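# A look at the structure
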Amino acid sequence: MKPPIELLDFLKTEDRFVIATHINPDGDGIGSAIALSEALKQMGKRTLLLCRDAVPYICKYLPGSDRFFTYETVKTAAADISSYKNLILVDCNHPSRTGMDKVNDIPFDIRKSAVIDHHETDRDYGDIRWINREAPATAMMIYDLLKELGTRMSKDIADNIYAGILVDTGNFRHDNTSAEVLRIAADLVDAGAQPTQAYRSLFESWSNGRFLLFIKTLDTMEIKDGIAMVTITKKMFEETGTTADDTENFVEFPRIMKDINVSVFLREMDSDGYKVSLRSKGGFNVAKIAAEFGGGGHKNAAGCTVKGDLQTAKREILSRIKAS
Ligand code: 5GP
Ligand code: MN
(Lines give C-alpha, C1' and ligand atoms only; values in the text may rest on other atoms or scores of the structure.)
(Ligands and ions follow the chains in the order given, each with its own letter.)
Protein backbone atom coordinates (compact mmCIF):
# COMPACT_ATOMS: atom_id res chain seq x y z
CA MET A 1 0.00 0.00 0.00
CA LYS A 2 2.04 2.90 -1.29
CA PRO A 3 1.14 6.30 0.16
CA PRO A 4 0.56 9.04 -2.42
CA ILE A 5 3.55 11.19 -3.35
CA GLU A 6 1.61 14.34 -2.40
CA LEU A 7 1.24 13.02 1.15
CA LEU A 8 4.96 12.30 1.44
CA ASP A 9 5.75 15.78 0.07
CA PHE A 10 3.29 17.39 2.47
CA LEU A 11 4.87 15.67 5.47
CA LYS A 12 8.42 16.43 4.33
CA THR A 13 7.96 20.08 3.41
CA GLU A 14 5.51 21.38 6.03
CA ASP A 15 5.90 21.76 9.79
CA ARG A 16 3.38 21.93 12.67
CA PHE A 17 0.70 19.31 12.07
CA VAL A 18 -2.47 18.87 14.07
CA ILE A 19 -3.17 15.13 14.02
CA ALA A 20 -6.79 14.39 14.93
CA THR A 21 -8.78 11.19 15.23
CA HIS A 22 -12.45 10.30 15.55
CA ILE A 23 -14.84 10.76 18.48
CA ASN A 24 -15.19 7.73 20.82
CA PRO A 25 -11.61 6.87 19.82
CA ASP A 26 -10.31 3.30 19.63
CA GLY A 27 -6.87 1.69 19.56
CA ASP A 28 -6.57 2.18 15.80
CA GLY A 29 -7.29 5.92 15.88
CA ILE A 30 -5.16 6.56 18.97
CA GLY A 31 -2.27 4.25 17.98
CA SER A 32 -2.15 5.53 14.39
CA ALA A 33 -2.12 9.17 15.49
CA ILE A 34 0.68 8.64 18.03
CA ALA A 35 2.80 6.55 15.63
CA LEU A 36 2.52 9.21 12.93
CA SER A 37 3.34 11.93 15.43
CA GLU A 38 6.47 10.08 16.63
CA ALA A 39 7.63 9.58 13.03
CA LEU A 40 7.19 13.28 12.29
CA LYS A 41 9.07 14.09 15.49
CA GLN A 42 12.02 12.06 14.18
CA MET A 43 11.95 14.37 11.13
CA GLY A 44 12.18 17.41 13.41
CA LYS A 45 8.52 18.38 12.94
CA ARG A 46 6.12 19.59 15.60
CA THR A 47 2.78 17.87 16.04
CA LEU A 48 -0.25 18.31 18.23
CA LEU A 49 -2.53 15.34 18.98
CA LEU A 50 -6.22 16.12 19.22
CA CYS A 51 -9.39 14.21 20.00
CA ARG A 52 -12.78 15.39 21.25
CA ASP A 53 -12.93 12.58 23.82
CA ALA A 54 -10.33 11.55 26.37
CA VAL A 55 -8.12 8.56 25.55
CA PRO A 56 -10.01 5.46 26.80
CA TYR A 57 -8.38 3.82 29.81
CA ILE A 58 -7.63 0.62 27.87
CA CYS A 59 -5.34 2.66 25.57
CA LYS A 60 -3.51 4.48 28.35
CA TYR A 61 -0.67 1.92 28.32
CA LEU A 62 0.33 3.24 24.91
CA PRO A 63 3.51 5.34 24.97
CA GLY A 64 2.51 8.91 24.06
CA SER A 65 -1.19 8.52 24.95
CA ASP A 66 -0.78 11.28 27.56
CA ARG A 67 0.06 13.73 24.77
CA PHE A 68 -3.53 14.03 23.52
CA PHE A 69 -5.45 17.26 23.95
CA THR A 70 -9.23 17.53 23.96
CA TYR A 71 -10.97 20.59 22.50
CA GLU A 72 -11.21 21.92 26.03
CA THR A 73 -7.61 21.40 27.13
CA VAL A 74 -6.08 22.51 23.83
CA LYS A 75 -7.29 26.07 24.33
CA THR A 76 -5.32 26.59 27.53
CA ALA A 77 -2.53 24.00 27.41
CA ALA A 78 -1.36 24.47 23.83
CA ALA A 79 -0.96 28.22 23.61
CA ASP A 80 0.73 28.05 20.20
CA ILE A 81 -2.10 26.12 18.49
CA SER A 82 -2.87 29.08 16.24
CA SER A 83 0.51 28.58 14.55
CA TYR A 84 -0.51 25.09 13.33
CA LYS A 85 -1.77 25.36 9.75
CA ASN A 86 -1.81 21.70 8.73
CA LEU A 87 -4.38 19.09 9.69
CA ILE A 88 -4.13 15.32 9.32
CA LEU A 89 -7.20 13.19 10.07
CA VAL A 90 -6.41 9.57 10.88
CA ASP A 91 -8.86 6.65 10.99
CA CYS A 92 -11.63 8.98 9.79
CA ASN A 93 -12.07 11.15 6.74
CA HIS A 94 -14.23 14.12 7.61
CA PRO A 95 -14.15 16.77 10.39
CA SER A 96 -17.70 15.75 11.35
CA ARG A 97 -16.27 12.42 12.61
CA THR A 98 -13.92 14.33 14.91
CA GLY A 99 -16.66 16.58 16.26
CA MET A 100 -14.51 19.65 15.51
CA ASP A 101 -17.13 20.98 13.09
CA LYS A 102 -19.40 21.56 16.10
CA VAL A 103 -16.85 23.57 18.13
CA ASN A 104 -16.22 27.03 16.82
CA ASP A 105 -13.73 28.27 19.36
CA ILE A 106 -10.74 26.02 18.64
CA PRO A 107 -8.20 28.72 17.84
CA PHE A 108 -6.63 27.19 14.76
CA ASP A 109 -6.50 28.26 11.20
CA ILE A 110 -6.05 25.22 8.97
CA ARG A 111 -4.65 25.92 5.50
CA LYS A 112 -3.99 22.40 4.26
CA SER A 113 -5.46 19.02 5.19
CA ALA A 114 -4.82 15.35 4.59
CA VAL A 115 -6.87 12.26 5.46
CA ILE A 116 -5.47 8.78 6.11
CA ASP A 117 -8.27 6.28 6.51
CA HIS A 118 -9.66 2.83 5.69
CA HIS A 119 -13.40 3.29 6.15
CA GLU A 120 -15.83 2.15 3.52
CA THR A 121 -17.97 5.26 3.88
CA ASP A 122 -16.26 8.48 2.96
CA ARG A 123 -17.12 12.08 2.36
CA ASP A 124 -15.35 14.57 0.21
CA TYR A 125 -12.81 16.29 2.45
CA GLY A 126 -9.08 16.88 2.40
CA ASP A 127 -6.55 18.41 0.02
CA ILE A 128 -4.75 15.08 0.14
CA ARG A 129 -6.89 11.96 0.48
CA TRP A 130 -5.39 8.54 1.13
CA ILE A 131 -8.31 6.19 1.74
CA ASN A 132 -7.70 2.46 1.36
CA ARG A 133 -10.86 0.46 2.04
CA GLU A 134 -8.90 -2.79 1.74
CA ALA A 135 -6.56 -1.90 4.61
CA PRO A 136 -7.34 -3.99 7.73
CA ALA A 137 -6.46 -1.01 9.95
CA THR A 138 -5.35 2.59 9.54
CA ALA A 139 -2.30 1.49 11.55
CA MET A 140 -1.30 -0.78 8.62
CA MET A 141 -1.33 2.27 6.35
CA ILE A 142 0.75 4.18 8.90
CA TYR A 143 3.24 1.29 8.93
CA ASP A 144 3.61 1.55 5.14
CA LEU A 145 3.84 5.33 5.33
CA LEU A 146 6.60 5.16 7.92
CA LYS A 147 8.57 2.71 5.75
CA GLU A 148 8.41 5.23 2.88
CA LEU A 149 9.48 8.05 5.19
CA GLY A 150 12.44 6.01 6.43
CA THR A 151 11.29 6.21 10.06
CA ARG A 152 13.32 4.28 12.64
CA MET A 153 10.88 1.73 14.08
CA SER A 154 11.24 2.45 17.81
CA LYS A 155 9.56 0.32 20.48
CA ASP A 156 7.11 3.15 21.16
CA ILE A 157 6.02 3.40 17.54
CA ALA A 158 5.81 -0.40 17.26
CA ASP A 159 3.53 -0.62 20.33
CA ASN A 160 1.18 1.98 18.87
CA ILE A 161 0.92 0.42 15.43
CA TYR A 162 0.49 -3.03 16.95
CA ALA A 163 -2.44 -1.78 19.04
CA GLY A 164 -4.23 -0.45 15.94
CA ILE A 165 -3.82 -3.74 14.12
CA LEU A 166 -4.84 -5.83 17.13
CA VAL A 167 -8.04 -3.85 17.69
CA ASP A 168 -9.17 -3.65 14.07
CA THR A 169 -8.54 -7.32 13.33
CA GLY A 170 -10.30 -8.30 16.59
CA ASN A 171 -7.18 -10.03 17.91
CA PHE A 172 -6.23 -11.44 14.52
CA ARG A 173 -9.61 -13.17 14.20
CA HIS A 174 -11.64 -11.18 11.67
CA ASP A 175 -11.43 -12.02 7.99
CA ASN A 176 -9.14 -9.02 7.41
CA THR A 177 -6.34 -11.00 9.13
CA SER A 178 -4.08 -11.65 6.14
CA ALA A 179 -0.58 -13.08 5.92
CA GLU A 180 0.63 -9.50 5.51
CA VAL A 181 -1.05 -8.50 8.79
CA LEU A 182 0.73 -11.33 10.59
CA ARG A 183 4.08 -10.54 8.95
CA ILE A 184 3.85 -6.89 9.94
CA ALA A 185 2.76 -7.84 13.47
CA ALA A 186 5.83 -10.08 13.73
CA ASP A 187 8.03 -7.24 12.49
CA LEU A 188 6.54 -4.95 15.15
CA VAL A 189 7.23 -7.53 17.86
CA ASP A 190 10.83 -7.73 16.59
CA ALA A 191 10.96 -3.94 17.01
CA GLY A 192 9.86 -4.23 20.64
CA ALA A 193 6.03 -4.25 20.61
CA GLN A 194 4.65 -6.20 23.58
CA PRO A 195 1.80 -8.51 22.43
CA THR A 196 0.79 -9.71 25.90
CA GLN A 197 0.69 -6.22 27.35
CA ALA A 198 -1.40 -5.08 24.37
CA TYR A 199 -3.88 -7.94 24.70
CA ARG A 200 -4.19 -7.59 28.48
CA SER A 201 -4.75 -3.86 28.35
CA LEU A 202 -7.06 -3.76 25.34
CA PHE A 203 -9.13 -6.86 26.09
CA GLU A 204 -8.54 -8.09 29.65
CA SER A 205 -8.65 -5.01 31.86
CA TRP A 206 -12.32 -4.94 32.82
CA SER A 207 -13.28 -3.55 36.21
CA ASN A 208 -15.83 -5.41 38.37
CA GLY A 209 -18.36 -2.73 37.45
CA ARG A 210 -17.76 -3.32 33.79
CA PHE A 211 -18.29 -7.06 34.17
CA LEU A 212 -21.54 -6.38 36.02
CA LEU A 213 -22.60 -4.03 33.22
CA PHE A 214 -21.83 -6.79 30.73
CA ILE A 215 -24.06 -9.26 32.59
CA LYS A 216 -26.88 -6.72 32.69
CA THR A 217 -26.39 -6.02 28.99
CA LEU A 218 -26.60 -9.68 28.03
CA ASP A 219 -29.82 -9.83 30.02
CA THR A 220 -31.39 -7.36 27.56
CA MET A 221 -30.68 -9.55 24.53
CA GLU A 222 -33.45 -10.15 22.03
CA ILE A 223 -32.96 -12.52 19.10
CA LYS A 224 -35.00 -12.47 15.93
CA ASP A 225 -34.27 -13.86 12.46
CA GLY A 226 -30.53 -14.19 13.03
CA ILE A 227 -30.28 -10.69 14.49
CA ALA A 228 -29.25 -10.18 18.13
CA MET A 229 -29.95 -6.87 19.83
CA VAL A 230 -28.69 -5.63 23.22
CA THR A 231 -29.23 -2.30 24.98
CA ILE A 232 -27.50 -0.20 27.63
CA THR A 233 -29.39 2.57 29.38
CA LYS A 234 -28.01 5.46 31.43
CA LYS A 235 -29.53 3.79 34.48
CA MET A 236 -27.37 0.71 33.90
CA PHE A 237 -24.24 2.90 33.87
CA GLU A 238 -25.35 4.50 37.16
CA GLU A 239 -26.08 1.14 38.79
CA THR A 240 -22.64 -0.23 37.91
CA GLY A 241 -20.51 2.93 38.23
CA THR A 242 -19.38 2.67 34.60
CA THR A 243 -19.21 4.89 31.52
CA ALA A 244 -19.40 4.51 27.74
CA ASP A 245 -15.68 3.56 27.66
CA ASP A 246 -16.66 0.38 29.48
CA THR A 247 -18.79 -0.87 26.58
CA GLU A 248 -16.01 -1.36 24.02
CA ASN A 249 -16.36 -4.81 22.37
CA PHE A 250 -19.72 -5.68 23.98
CA VAL A 251 -21.29 -5.77 20.52
CA GLU A 252 -18.88 -8.52 19.49
CA PHE A 253 -20.21 -11.14 21.89
CA PRO A 254 -23.60 -12.14 20.43
CA ARG A 255 -21.76 -12.93 17.17
CA ILE A 256 -20.29 -15.95 18.97
CA MET A 257 -23.59 -17.77 18.36
CA LYS A 258 -23.39 -19.61 15.07
CA ASP A 259 -26.84 -18.57 13.90
CA ILE A 260 -26.35 -14.87 14.57
CA ASN A 261 -25.44 -12.93 11.44
CA VAL A 262 -25.94 -9.41 12.73
CA SER A 263 -25.34 -8.05 16.22
CA VAL A 264 -26.83 -4.70 17.24
CA PHE A 265 -25.85 -2.72 20.32
CA LEU A 266 -27.75 0.39 21.43
CA ARG A 267 -26.35 2.75 24.05
CA GLU A 268 -28.48 5.54 25.49
CA MET A 269 -26.67 8.85 25.02
CA ASP A 270 -26.61 11.89 27.32
CA SER A 271 -28.25 13.81 24.52
CA ASP A 272 -31.46 12.55 22.96
CA GLY A 273 -31.19 9.17 21.24
CA TYR A 274 -28.99 6.10 20.98
CA LYS A 275 -25.49 5.33 19.75
CA VAL A 276 -25.79 2.19 17.67
CA SER A 277 -23.00 -0.30 16.94
CA LEU A 278 -23.48 -2.93 14.28
CA ARG A 279 -21.46 -6.08 13.60
CA SER A 280 -21.99 -8.80 11.01
CA LYS A 281 -20.49 -12.02 9.78
CA GLY A 282 -19.68 -12.75 6.14
CA GLY A 283 -21.30 -10.84 3.31
CA PHE A 284 -23.86 -8.77 5.20
CA ASN A 285 -22.84 -5.11 4.86
CA VAL A 286 -23.65 -3.16 8.03
CA ALA A 287 -21.85 -0.02 6.78
CA LYS A 288 -24.74 0.41 4.34
CA ILE A 289 -27.30 0.17 7.16
CA ALA A 290 -25.33 2.68 9.29
CA ALA A 291 -25.02 5.04 6.32
CA GLU A 292 -28.83 5.13 6.00
CA PHE A 293 -28.84 6.69 9.48
CA GLY A 294 -26.03 9.13 8.65
CA GLY A 295 -23.28 6.93 10.10
CA GLY A 296 -20.76 4.62 8.47
CA GLY A 297 -17.90 2.21 9.01
CA HIS A 298 -16.85 -1.08 7.45
CA LYS A 299 -18.71 -4.02 5.91
CA ASN A 300 -18.64 -6.05 9.15
CA ALA A 301 -18.37 -3.23 11.74
CA ALA A 302 -20.21 0.06 11.60
CA GLY A 303 -22.02 2.61 13.73
CA CYS A 304 -24.48 5.48 13.74
CA THR A 305 -26.73 7.42 16.06
CA VAL A 306 -30.53 7.27 16.09
CA LYS A 307 -32.73 9.93 17.63
CA GLY A 308 -35.86 9.21 19.63
CA ASP A 309 -36.97 6.64 22.18
CA LEU A 310 -35.65 3.10 22.48
CA GLN A 311 -38.59 1.28 20.92
CA THR A 312 -38.55 3.52 17.85
CA ALA A 313 -34.77 3.21 17.48
CA LYS A 314 -34.93 -0.60 17.71
CA ARG A 315 -37.83 -0.82 15.26
CA GLU A 316 -36.14 1.42 12.70
CA ILE A 317 -32.81 -0.42 12.85
CA LEU A 318 -34.46 -3.85 12.66
CA SER A 319 -36.64 -2.95 9.73
CA ARG A 320 -33.66 -1.58 7.74
CA ILE A 321 -31.64 -4.72 8.45
CA LYS A 322 -34.50 -6.97 7.38
CA ALA A 323 -35.13 -4.93 4.24
CA SER A 324 -31.58 -5.30 2.97
P1 5GP B 1 -18.19 1.22 16.88
O2 5GP B 1 -19.45 0.49 16.65
O3 5GP B 1 -17.16 0.36 17.53
O4 5GP B 1 -18.38 2.57 17.51
O5 5GP B 1 -17.61 1.54 15.44
C6 5GP B 1 -17.48 0.56 14.44
C7 5GP B 1 -16.91 1.21 13.18
O8 5GP B 1 -17.86 2.13 12.64
C9 5GP B 1 -15.66 2.03 13.44
O10 5GP B 1 -14.81 1.87 12.33
C11 5GP B 1 -16.17 3.44 13.56
O12 5GP B 1 -15.20 4.38 13.15
C13 5GP B 1 -17.37 3.45 12.65
N14 5GP B 1 -18.44 4.31 13.19
C15 5GP B 1 -19.04 4.22 14.39
N16 5GP B 1 -19.98 5.18 14.56
C17 5GP B 1 -19.97 5.92 13.43
C18 5GP B 1 -20.71 7.07 12.98
O19 5GP B 1 -21.59 7.61 13.67
N20 5GP B 1 -20.37 7.55 11.74
C21 5GP B 1 -19.43 6.98 10.94
N22 5GP B 1 -19.17 7.52 9.75
N23 5GP B 1 -18.72 5.89 11.34
C24 5GP B 1 -18.98 5.35 12.55
MN1 MN C 1 -9.72 1.71 12.08
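Every chain is numbered independently, its residues counted from 1 as its sequence is written. Lettering for chains starts from A, numbering for ligands starts from 1, and both go in the order in which the items are written. Under the rules for a predicted model, residues below a pLDDT of 70 receive no local features and side-chain atom pairs below 80 are neither given nor counted, while totals for whole chains, interfaces and linings still include all residues. Water and hydrogen atoms were dropped before computing side-chain values, which therefore reflect all heavy atoms in the structure.

Our focus in this paragraph is the sheet that holds strand S10 (residues 274-280). Strand pairing in a sheet relies on backbone hydrogen bonds. The paired strands run either parallel or antiparallel. For two strands to be treated as a pair, DSSP must find no fewer than two bridges joining them. Only DSSP runs of H or I reaching four residues or more are called helices, and only runs of E reaching two or more are called strands; each is numbered from the N terminus. Overall, mixed pairing links the 6 strands, which are arranged S7-S8-S9-S10-S12-S11 in an open sheet. Each edge of the open sheet carries a strand with a single partner, namely strand S7 (222-224) and strand S11 (296-297). Relative to strand S8 (residues 227-232), S7 runs antiparallel, the two sharing 3 bridges. Considered in S8, the bridge of Glu-222 is made with Met-229. Sheet strands in contact with helix H11 (residues 310-323) are S7, S8, strand S9 (262-268), S10 and strand S12 (301-306), and its direction is about 155° off that of S8. Note on contacts: a residue pair qualifies if any of its non-hydrogen atoms lie within 4.5 Å across the two residues. Convention adopted: a line fitted to C-alpha atoms gives each axis, helices being fitted over their contacting stretch, and angles between N-to-C directions are expressed from 0 to 180 degrees.

What follows is about the side chain of Thr-138. Structurally, the position occupied by Thr-138 is in helix H4 (residues 138-149). Not counting chain neighbours up to four residues away, the residues in contact with Thr-138 comprise Asp-28, Ser-32, Val-90, Asp-91, Ile-116, Asp-117 and His-118.

We now examine the pairing of strand S1 (residues 17-21). Buried means the residue's accessible area, taken with a 1.4 Å probe over protein chains only, is under 20% of the maximum for its type, while exposed means over 50%, and partly exposed covers the values in between. Across the 5 residues of S1, 5 count as buried, placing the element largely inside the fold. A two-sided burial pattern is seen for S1, the buried positions comprising Phe-17, Ile-19 and Thr-21 on one face and Val-18 and Ala-20 on the other. Where S1 meets strand S2 (residues 47-50), 4 bridges bridge the pair, whose relative direction is parallel. When the sheet's bridge partners are listed, Ile-19 is paired in S2 with Leu-49. A crossover links S1 with its parallel partner S2, the connecting element being helix H2 (residues 27-42), and its sense is right-handed. The crossover handedness rule: strands pointing away from the viewer, path from first strand over the helix to second strand clockwise, crossover right-handed.

Another aspect to go through is the domain arrangement of the chain. The domain limits used here are those given by an automatic or database domain assignment. When cut into domains, the chain gives domain 1 (5-203) and domain 2 (208-323). For domain 1 versus domain 2, the distance between C-alpha centres works out to 26 Å. Contact residues are listed per partner, giving 13 residues for domain 1 and 18 residues for domain 2. As a working definition, buried area equals the accessible area (1.4 Å probe) given up by two parts on being put together, with both sides summed. Both faces combined, the contact of domain 1 with domain 2 buries some 1100 Å², and carbon together with sulfur accounts for 42% of it. It is Tyr-57, Glu-120 and Thr-121 that lose the most area in domain 1 upon contact with domain 2, and together they represent 41% of the buried surface on that side. The salt bridge criterion pairs a side-chain nitrogen of Lys or Arg with a carboxyl oxygen of Asp or Glu, the two atoms within 4 Å. At the junction of domain 1 and domain 2, the tally comes to 0 salt bridges. Think of a polar contact as two N or O atoms within 3.5 Å of one another; within protein, one of them needs to be a possible hydrogen donor and the other a possible acceptor, and neighboring residues in sequence only count if both atoms come from side chains. Seen at the junction of domain 1 and domain 2, the total is 7 residue pairs in polar contact (both at pLDDT 80 or more). Under the grouping applied here, Gly and all other residues not named as nonpolar or charged are polar, the nonpolar ones being Ala, Val, Leu, Ile, Met, Phe, Trp, Tyr, Cys and Pro and the charged ones Asp, Glu, Lys and Arg. Tallied by class, the residues present in the side of domain 1 that touches domain 2 amount to 5 nonpolar, 5 polar and 3 charged.

This next bit is on the site of ligand 1. Any residue with at least one heavy atom within 4 Å of a molecule or strand is counted as near it. Near ligand 1 you find 13 residues, and of these Arg-97, His-119, Ser-277, Arg-279 and Gly-296 are the closest. In this structure, an oxygen atom belonging to ligand 1 sits 3.0 Å away from a side-chain N or O atom of Arg-97. Where accessible areas are quoted, they stem from the Shrake-Rupley method and a 1.4 Å probe; at the residue level, only the protein chains shown are allowed to cover. Relative to its unbound accessible surface of 500 Å², ligand 1 loses 80% to contact with the protein. Listing elements by their share of the shell around ligand 1, those giving two or more residues are S10, S11 and S12. Sorting elements by how many residues they give to the shell around ligand 1 places S12 first, with 4 residues.

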